[in-house]
There are 4 protein chains.
Amino acid sequence: MIVVMKAGAAKKERDAVTRRIKELGYTPHIIHGTTRDVIGAVGDERGKSVLQTLESMQGVESVVPILQPYKLASKEVKKEASIVRISDTLAIGGKELVVMAGPCSVENEEQIIESAIAVKAAGAQMLRGGAFKPRTSPYSFQGLEEEGLKLLAKARETTGLPFVTEVIDPDSVDLVASYSDMLQIGARNSQNFALLKKVGQIDKPILLKRGMSMTIQEFLMSAEYIMSEGNQSVILCERGIRTFETATRNTLDLSAIPVLKSKTHLPVVIDPSHGTGNYRYIAPMSFAAVAAGADGLIIEVHPDPEKASSDGPQSLKPKKFQALMDKLRLFAEAADKTLGA
Amino acid sequence: MIVVMKAGAAKKERDAVTRRIKELGYTPHIIHGTTRDVIGAVGDERGKSVLQTLESMQGVESVVPILQPYKLASKEVKKEASIVRISDTLAIGGKELVVMAGPCSVENEEQIIESAIAVKAAGAQMLRGGAFKPRTSPYSFQGLEEEGLKLLAKARETTGLPFVTEVIDPDSVDLVASYSDMLQIGARNSQNFALLKKVGQIDKPILLKRGMSMTIQEFLMSAEYIMSEGNQSVILCERGIRTFETATRNTLDLSAIPVLKSKTHLPVVIDPSHGTGNYRYIAPMSFAAVAAGADGLIIEVHPDPEKASSDGPQSLKPKKFQALMDKLRLFAEAADKTLGA
Amino acid sequence: MIVVMKAGAAKKERDAVTRRIKELGYTPHIIHGTTRDVIGAVGDERGKSVLQTLESMQGVESVVPILQPYKLASKEVKKEASIVRISDTLAIGGKELVVMAGPCSVENEEQIIESAIAVKAAGAQMLRGGAFKPRTSPYSFQGLEEEGLKLLAKARETTGLPFVTEVIDPDSVDLVASYSDMLQIGARNSQNFALLKKVGQIDKPILLKRGMSMTIQEFLMSAEYIMSEGNQSVILCERGIRTFETATRNTLDLSAIPVLKSKTHLPVVIDPSHGTGNYRYIAPMSFAAVAAGADGLIIEVHPDPEKASSDGPQSLKPKKFQALMDKLRLFAEAADKTLGA
Amino acid sequence: MIVVMKAGAAKKERDAVTRRIKELGYTPHIIHGTTRDVIGAVGDERGKSVLQTLESMQGVESVVPILQPYKLASKEVKKEASIVRISDTLAIGGKELVVMAGPCSVENEEQIIESAIAVKAAGAQMLRGGAFKPRTSPYSFQGLEEEGLKLLAKARETTGLPFVTEVIDPDSVDLVASYSDMLQIGARNSQNFALLKKVGQIDKPILLKRGMSMTIQEFLMSAEYIMSEGNQSVILCERGIRTFETATRNTLDLSAIPVLKSKTHLPVVIDPSHGTGNYRYIAPMSFAAVAAGADGLIIEVHPDPEKASSDGPQSLKPKKFQALMDKLRLFAEAADKTLGA
């Protein structure tokens, strides 16, 4: 941590700062600049919020953190890429590009089974589908809940595809974990720390979505929450951030892929459906994600998007998804990844 | 809802859209434009997510919602301003400007009692203090939990000030409600729908903070979640939104005050501490909030900010808070509000 | 400037960095941290873009600037607030709150004279009106150009009000300066450096608008551009920044007032018309701006907004402007400013 | 344009709106909704800013535009993709992927010649280099100006590579056009309408960069400015938008590629150097851009980035650029494009 003193700060003020740095267990180190002094606080900054309080001291202009506040998620602690195992035959983070696909919500047996068969036929290795839905309106369809989980399990039986589904509160974590192969934490819960702690205590992989206005650093801190409770099987999912642009529902931040790859060992997956909010843009953004180094994709596919109970405009029909997968293979190869058999 | 057809869309496509509009229970109404057609879907749009799926139909360019998706929170449903009662002698939303003040976190008995006495002396009508803390780092101080609630209750006994404190998961709602006079939903939980539903079922006022990247409309939808479960005592709190600017921790959106006042009957409170992240800017932004029509303020005050276990840089010392309150009285008067005795 | 080395950077890499720092004329100063080293580069950072290139050296994680890149605009160089003189009897930045008002565009003689008379009657001390209009569409009204300047001059003759008007390219600076009392640089030209340099060479006050996505620091750098050419009479104008929120045309960043006041000696003026884009929100945001410490306001007033050739929705009718001014007086007093006679 | 009336607006108010719509030359068309009326204004909306003024009428809630405000840039007017010719042998927008590369600034003869030879050897078809530099600080290197143009021409002679360079004010357009093969309008001048008009009058291709906080629609309006003056050879360049994220200098919006391709016939080029601000992220984002359908790339390459007079941290060394180009070929093929011989 670097404490920048004001130009013309008094010696007394500087002394108070160095004294406080020592009290907090760090070693102060002063650099006398031409117009102002700068004081380095040497030590482990993990509890940095306390050092940040130096900012309220007399004569202090600002406090600049140097170390990243996360450890377990950091590449400095674990250099080699993490491979998160989903099943005996499937893992995310290795050479195989993993595509998860399926409808936004599970609506009924026919719809989810039909979806599962279609996405498997096209080459997807995993099924997605929402049973507990976090909807912005209390008047919108809220999901089939446990009934939805059962239908997802039936679709898994039918097709052999493992599935990922969202969990939206701590109380239903055990229930959702008892059915699913991977639990998703949605964007709106990405800083729901009670929920993060709870999924950190189970033994199932977690797909953690980036919050709509979450910095990369905050994203890794949320992963750290899960990991610090014991669960190291975290997969990061970029799904679009909120910006001023309205031509897309969100702005898909693909530069998050190389940035994350430079900072963490965790796998990175992209959600081009929520990222753009428009089925027309899913294919090009999927190709781009793979080219940028993504380990996987999660894509909404619905047999009849016009009648979907949620997110129809951003769902692909099975035929279009098949075409996407066919072309995706070329980009996967160029990116030195394999896709399916 | 307005469906905008593509220029040159086929009659067949337009017919399919009008047919689907009827199936969904709305009445289609076509306007033939010079380059394209536009179809109005007349009816109640509350379940609008379904109408939105029309966007995936052939020949459709976009779907434009017309109605606001909230009802109970809307001024159209209830024209007169709501006054939320906190205690026999205190209410928010009326002529009295209400100031809530206190430390970010409850740290120990001395700190919270000292804070309560100081803020009361300066004219605050309500105490604030965190017992359950949603911290971005798992390694930061997470709050005293129930012990903190007990200390807040003791401070209330000592000073007579009712208090507001945050609740961060559905399971502790009843516990927090049993101690406190108002429950706060923090910015990071502003779309934690499981939590919103739960606080909608209790009989205590809720201070709902706006999420960091929440639109005004989404903010009102979160209020609607609470209200649709039965609890009408919702107070909206703007606490800064996330923008590109880094000179302040967030960008305090004071225009939210007149915008909210034009759309909802719920009271509006401003949090200049989180809104700016810097104690130097709290006083001017407090004055501005009141001038813009706020019903209240929530301000962080700590007896010793340099040693605070959280948010020290944005906390005022009691003496500075006293000076703020003295000057605030002038602006409250200009805004035709009363402040304290 | 602080150079943060990577964890585990080689001594050879660190040596190369210190060598390069010396070559650039700075003194390196190393702090050995627990996990990484940090190197301070002591010296004047004004040409900091060169130091920034250290970021491309082997072993370097990041480069953190310490000094502000502006000098003339800085409060460190000039502590007392600047008062910019507009005429013998009018100055901005002192105890008098200055209100500039008038239509977005000058449309014809009747319209501008009528506007000038109305805003003067309500207490405005200065007239505003666009003769050269920077419109986002090439098909929109582009302004009356020199004819507009002549009409503004006529309105000044009639009412005695000095006027401010926008200049949009270097070639017309002299022309606009020959008619007007203050030149405005619009938000879209706030980093049009050729134009900034040119207005830096004239002897008229400049009203510099903040760009839509300009940080406070970039804003001050644009002021520095003008000042470094010789013209010290710069007034800063916040007019709303671009965020995700669409309920207002822009998000008026009133915290810019105390932030700017802490960093620069230049006067600060607020434009609530562009800042909100909606006449309904102008009054509350004007009151808030004054409460937050603004030195002036610039407000759009049009005798017949429904027929305005530009920006009608954000223009006040004279009667509403009169009401605003009457109430504004109370807030000006609370803020210890005077308004008009 | 759709005029949404307030719930409960009076018939008198609705009549005034329809009357005004007729006066403006449009045909009103009323839809009576369940809670409010909506009035369509049928006609060409190109001068839509006038219709927007309806928003200030009594009883009007909002005005929703339906048509895009641009014509010449629109795919509705010209369906087939435009191919912009740069030289007898080079064009942008066709099957060939075009890579422009070179240093941020032209510094001296050796540097620019060396750069040109290196980027040509790696497969770039065009040279880039700044002679007039728009720098945020008046104290930074401002470019070699005409001397720089001469050196670029010399580099073209040596290597046969045509070059693109930035123009920053209307007065130097003719000078820059007399030397260069394509003129660049920088992000900070993307709404400098005087400059856009001027380059619309010359007969050279224009590389128009997207402004930092420019919507796709505004971007196309700026292209329309150029095209409406006669010059149809416009190439759009996405170079990163400003968001809250600070891990990258800007957020490269690759979804702009499919969005633009769906709205305009103009070619789209990506600048991953400014888009990320970090040389480490240039290669993956280049691959992603091509996978998403970009027609070209513009990349900063400098023989010695650590000593560059500007933008060193985001410049690639020639060897790294060579490696990028080698791998880029694979992605170009997957995207059905050709790259070089």
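As annotated in an unreviewed UniProt entry, chain A carries the name 2-keto-3-deoxy-D-arabino-heptulosonate-7-phosphate synthase I beta and is attributed to Citrifermentans bremense.

A.B. asks: In this structure, what is going on with the overall build of chain A? I would like to understand it.
C.D. replies: Across its full length, chain A holds eleven helices and 14 strands. In terms of overall dimensions, chain A has C-alpha extents of about 75 × 45 × 40 Å along its principal axes. Burial statistics for chain A: of 341 residues in total, 67% are counted as buried. In chain A, of all internal contacts separated by at least 6 residues, the share reaching a separation of at least 24 is 66%.

A.B. asks: I'm lost on the relation of the copies chain A and chain B in this one. Help?
C.D. replies: Here the two chain copies are tied together by a rotation about an axis and a shift along that axis. Under the fitted operation, chain A is carried onto chain B by 0.0 Å of movement along the axis and a turn of 180°, and the coordinates agree to an RMSD of 0.1 Å. Between the two chains, the operation in question is that of a two-fold axis. Among all C-alpha atoms of chain A, that of A:Ser213 lies closest to the rotation axis, at 2.9 Å.

A.B. asks: What's the story with the interface of chain C and chain D in this structure? I'm lost.
C.D. replies: By a widely used convention, the size of an interface equals the accessible area lost when the partners come together. Contacts between the two partners involve 50 residues from chain C, matched on the other side by 51 residues from chain D. Overall, the association of chain C and chain D removes approximately 4,500 Å² of surface from exposure, summing both partners, and the carbon and sulfur fraction of that is 49%. Sorting the residues of chain C by area buried against chain D places C:Ser56, C:Tyr139 and C:Glu306 first, and these three jointly supply 15% of that buried surface. Residue C:Glu218 is joined to D:Arg242 by a salt bridge in which the shortest nitrogen-to-oxygen separation is 2.7 Å. Between the two partners, chain C and chain D, sit 22 residue pairs in polar contact (both at pLDDT 80 or more). Those elements that place two or more of their residues in the side of chain C that touches chain D are α1 (11-23), α2 (48-52), α6 (193-199) and α7 (216-228) of chain C. The element contributing the most residues to the side of chain C that touches chain D is α7(C), with five residues. Looking at the side of chain C that touches chain D residue by residue, the class counts come to 19 nonpolar, 15 polar and 16 charged.

A.B. asks: Mind showing me how you'd approach the packing of helix α3 (residues 109-122) of chain D against helix α4 (residues 146-159) of chain D here?
C.D. replies: To characterise two packed helices, one gives the angle between the axes of the helices and the distance between these axes. Residues and elements named next belong to chain D. Running from amino to carboxyl end, α3 crosses α4 at an angle of 40°, the nearest separation of the two axes being 9 Å. Taken together, α3 and α4 sit at an angle that is classed as oblique. α4 is crossed by α3, and the crossing has right-handed handedness. Seen from α3, the contacting residues are Glu109, Ile112, Ile113, Ala116, Ile117 and Lys120; seen from α4, they are Leu151, Leu152, Lys154, Ala155, Thr158 and Thr159.

A.B. asks: Would you mind showing me how to read the UniProt feature "domain: DAHP synthetase I/KDSA" (unreviewed entry) in chain A here?
C.D. replies: UniProt marks residues 89-325 of chain A with the feature "domain: DAHP synthetase I/KDSA" (unreviewed entry), using the numbering shown here. From the first C-alpha to the last, residues 89-325 of chain A spans 20 Å; its make-up is 36% helix and 15% strand.

A.B. asks: Explain the sheet that holds strand β1 (residues 2-5) of chain A to me, please; I cannot follow it from the model alone.
C.D. replies: The strands making up a sheet are joined through hydrogen bonds of the backbone, oriented either antiparallel or parallel. All names here are of chain A. The four strands are arranged β2-β3-β1-β4 in an open sheet whose pairing can be described as antiparallel. Every other strand in the sheet has two partners, leaving β2 (27-32) and β4 (60-64) as the edge strands with one partner each. Neighbour-to-neighbour, the strand axes of the sheet open up by a mean angle of 20°, direction not taken into account. Two strands pair when backbone bridges link them, and β2 and strand β3 (residues 37-42) are joined in this way by six bridges, in the antiparallel orientation.

A.B. asks: Please explain the domain arrangement of chain A as it appears in this structure.
C.D. replies: Domains assigned within chain A are domain 1 (2-64) and domain 2 (84-334). Look at where the C-alpha atoms of domain 1 of chain A and domain 2 of chain A centre, and you get two points 44 Å apart.

A.B. asks: Help me out: how do you make sense of the pairing of strand β12 (residues 234-238) of chain B in this one?
C.D. replies: Side-chain positions along a regular strand alternate between the two faces of the sheet. Residue and element names in this part refer to chain B. With respect to burial, β12 is a largely interior element, five of its five residues being buried. Here β12 shows a buried face lined by Val234, Leu236 and Glu238 and a second buried face lined by Ile235 and Cys237. Across four bridges, the pairing between strand β11 (residues 206-209) and β12 is parallel. Paired with Leu208 across the two strands is Leu236, which belongs to β12.

A.B. asks: I would appreciate a short explanation of the packing of aromatic side chains in the present structure.
C.D. replies: Given two aromatic rings, their pairing is described by the distance between the two centres and the angle made by the two planes. One pass over the structure, following the stated rule, counts eight aromatic pairs over all chains. Ring geometry for B:Phe193 against B:Tyr225: centres 4.6 Å apart, planes inclined by 20°, an arrangement best described as stacked. Pair noted here: B:Phe193 is in helix α6 (residues 193-199) and B:Tyr225 is in helix α7 (residues 216-228), with a separation of 32 residues, a long-range link. Each member of the pair, B:Phe193 as well as B:Tyr225, is classed as buried. Relative to C:Phe331, the ring of C:Phe287 lies with its centre 4.8 Å away and its plane at 15°, an arrangement referred to as stacked. In this pair, C:Phe287 is assigned in helix α10 (residues 282-291) and C:Phe331 in helix α11 (residues 318-334), connecting sequence segments 44 residues apart.

A.B. asks: How should the pattern of salt bridges be read in this particular structure?
C.D. replies: Note that side chains of opposite charge can pair when their charged atoms are close. Residues and elements named next belong to chain A. Summed over all chains, the structure comprises 72 salt bridges over all chains. One salt bridge connects Asp174 with Lys198, and the closest N-O pair in it is separated by 3.5 Å. One end of the pair, Asp174, is in helix α5 (residues 173-179); the other, Lys198, is in helix α6 (residues 193-199), and 24 residues separate them in sequence. When the shortest N-O distance is used, the salt bridge between Asp271 and Lys209 registers 2.5 Å. Taken together, the residues span a long stretch of sequence, with Asp271 in the loop between β13 (268-270) and α9 (272-276) and Lys209 in strand β11 (residues 206-209) at a distance of 62 residues. Considered together, Asp271 and Lys209 belong to a single accessibility category, that of buried residues.

A.B. asks: So what exactly am I meant to see when it comes to the relation of the copies chain C and chain D here?
C.D. replies: Taken as rigid bodies, chain C and chain D are interconverted by a rotation of 180° and an axial shift of 0.0 Å, the fit giving an RMSD of 0.0 Å. Both copies present the same face, since 100% of the interface residues in chain C are matched by interface residues at the equivalent positions in chain D.

A.B. asks: Before we go on, may I ask you to explain the state of the cysteines in this structure?
C.D. replies: Covalent bonding between the sulfur atoms of two cysteines is what defines a disulfide. Residues and elements named next belong to chain C. All chains considered together, the criterion is met by zero disulfides over all chains. With no disulfide partner, Cys104 has as its closest neighbouring cysteine sulfur the one in Cys237, 13 Å distant. The buried category is assigned to Cys104, whose relative accessible area is 3%.

A.B. asks: What is the right way to read the interface of chain A and chain B from this model?
C.D. replies: Counting residues at the interface gives 51 residues for chain A and 50 residues for chain B. Summing both partners gives a buried area of about 4,600 Å² for chain A against chain B, and 49% of it is carried by carbon and sulfur. Connecting chain A to chain B are two salt bridges. Counting across the interface, chain A meets chain B through 22 residue pairs in polar contact (both at pLDDT 80 or more). Residue assignment for the side of chain A that touches chain B shows that the elements contributing at least two residues are α1 (11-23), α2 (48-52), α6 and α7 (216-228) of chain A. The element contributing the most residues to the side of chain A that touches chain B is α7(A), with five residues. When grouped by side-chain class, the residues that make up the side of chain A that touches chain B number 19 nonpolar, 16 polar and 16 charged.

A.B. asks: Help me understand helix α10 (residues 282-291) of chain B in this model?
C.D. replies: Residue and element names in this part refer to chain B. Of all the ten residues making up α10, nine are buried; the element is thus mostly covered by neighbouring parts of the structure. The set of residues buried in α10 consists of Ile282, Pro284, Met285, Ser286, Phe287, Ala288, Ala289, Val290 and Ala291. With its phi angle positive at about 110°, Gly293 sits one or two positions after the end of α10.

A.B. asks: Teacher, can you tell me more about α7(B) here?
C.D. replies: Every α-helical turn comprises 3.6 residues, leaving residues that sit three or four positions apart pointing alike. Residue and element names in this part refer to chain B. Spanning 13 residues, α7 covers 18 Å between terminal C-alpha atoms, matching the ideal 18 Å at 1.5 Å per step. With respect to burial, α7 is a largely interior element, eleven of its 13 residues being buried. Those residues of α7 lying buried are Ile216, Glu218, Phe219, Leu220, Met221, Ser222, Ala223, Glu224, Tyr225, Ile226 and Met227. Where the residues of α7 are buried, they touch α6, β11, β12 and α8 (256-263). Looking at the residues trailing α7, positive phi occurs at Gly230, about 125°.

A.B. asks: What am I meant to see in the sheet that holds strand β9 (residues 163-166) of chain C here?
C.D. replies: Residue and element names in this part refer to chain C. Spatial ordering of the closed barrel is given by β7-β8-β9-β10-β11-β12-β13-β14, a layout of eight strands whose pairing is parallel. When strand polarity is set aside, the average angle formed by the axes of neighbouring strands in this sheet is 25°. Each of β8 (126-128) and β9 touches helix α4 (residues 146-159); the most contacted strand, β9, lies at about 170° to it. Against the sheet, α7 touches β11 (206-209) and β12 (234-238), its axis set at about 155° to β12.

What counts and what doesn't
Residues numbered from 1 in each chain as written. Chains lettered and ligands numbered in written order. Predicted model: local features only at pLDDT ≥ 70, side-chain atom pairs only at ≥ 80, totals over all residues. Heavy atoms only, no water. Helix = DSSP H or I, 4+ residues; strand = E, 2+ residues; numbered from the N terminus. Buried < 20%, exposed > 50% of the residue type's maximum accessible area, 1.4 Å probe, protein only. Contact = heavy atoms within 4.5 Å. Least-squares fit on C-alpha atoms with pLDDT ≥ 70 in both. Buried area = accessible area lost by both parts, 1.4 Å probe. Salt bridge = Lys/Arg side-chain N within 4 Å of Asp/Glu carboxyl O. Polar contact = N/O pair within 3.5 Å; in protein donor to acceptor, adjacent residues only side chain to side chain. Nonpolar A, V, L, I, M, F, W, Y, C, P; charged D, E, K, R; others polar. Axes fitted to C-alpha atoms, helices over the stretch in contact; angles between N-to-C directions. Parallel < 35°, antiparallel > 145°, perpendicular 65-115°, else oblique. Left-handed = near helix turned anticlockwise from the far one by under 90°. UniProt positions renumbered as here; feature names shortened; annotations may be inferred. Pairing = 2+ DSSP bridges. Domains from an automatic or database assignment. Phe/Tyr/Trp six-rings, centres within 6.5 Å; stacked < 30°, edge-to-face > 60°. Disulfide = S-S within 2.5 Å. Expected span 1.5 Å × (residues − 1).

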